[in-house]
Amino acid sequence: VRTFETLEEAKEIHKVVTTIGGNEYTIRGEESEEHLLGIAAMVDNKMMELKQKYPRQTNARIAILAALQLADEYVKLSDQYDKILQELDDLAQK
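Draft legend 1. A look at the pattern of salt bridges. This structure, assessed with the given rule, holds 4 salt bridges. In this structure, Glu30 engages Lys11 in a salt bridge whose closest nitrogen and oxygen atoms are separated by 3.6 Å. With a gap of 19 residues between them, Glu30 in the loop between β2 (23-29) and α1 (33-53) and Lys11 in the segment before β1 (14-20) connect regions that are remote in the sequence. Judged by its relative accessible area of 40%, Glu30 is partly exposed. Across the salt bridge formed by Lys46 and Glu49, the nearest N and O atoms sit 3.8 Å from each other. Residue Lys46 and its partner Glu49 are both found in helix α1; the two are separated by 3 residues, about one turn of the helix. Glu49 gets classed as partly exposed once you look at its relative accessible area, which sits at 43%. Salt bridges sharing common partners tie together Lys46, Glu49 and Glu73.

Draft legend 2. Focus on the side chain of Thr18. Residue placement: Thr18 occurs in strand β1. Among residues more than four places away in sequence, those in contact with Thr18 are Asn23, Glu24, Tyr25, Ile27, Leu37 and Ala40.

Draft legend 3. Layout of the nonpolar core. Formed by Val16, Ile20, Ile27, Leu36, Ala40, Met47, Leu50, Ile62 and Ala66, the largest nonpolar core amounts to 9 residues. Of all the elements in the fold, those that place two or more residues in this core are β1, α1 and α2 (59-93). Per element, the largest residue contribution to this core is 4 residues, and it comes from α1. In this view, Ala66 contacts Lys46, Met47 and Leu50; residues no more than four positions away in its chain are not counted.

Reading guide: rules and limits
- Residues numbered from 1 in each chain as written.
- Predicted model: local features only at pLDDT ≥ 70, side-chain atom pairs only at ≥ 80, totals over all residues.
- Heavy atoms only, no water.
- Salt bridge = Lys/Arg side-chain N within 4 Å of Asp/Glu carboxyl O.
- Helix = DSSP H or I, 4+ residues; strand = E, 2+ residues; numbered from the N terminus.
- Buried < 20%, exposed > 50% of the residue type's maximum accessible area, 1.4 Å probe, protein only.
- Contact = heavy atoms within 4.5 Å.
- Core = buried A, V, L, I, M, F, W, Y, C linked by side-chain atoms within 4.5 Å.

Honestly, it's all geometry; don't read function into it.
See the structure below:
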């Protein structure tokens, strides 16, 4: 019988097999299978978009460009989110 120290340890791990950039990957995570497939599709779509734009680049370079662009989008959205939270906090203080 296995016991868990915390609820964190008891989380279920999901596994999906998907194709990204023409290669098959097995992805594991605590999120739902739909979530895992969704993020894989997002990366694959970004790579396909960049591959069309830069057809002579290797898959490795395309993957780095995709990672940079997705990270840039994440940082911009995170900054917007923080700004909205601050505005809500300011409104609540009034």
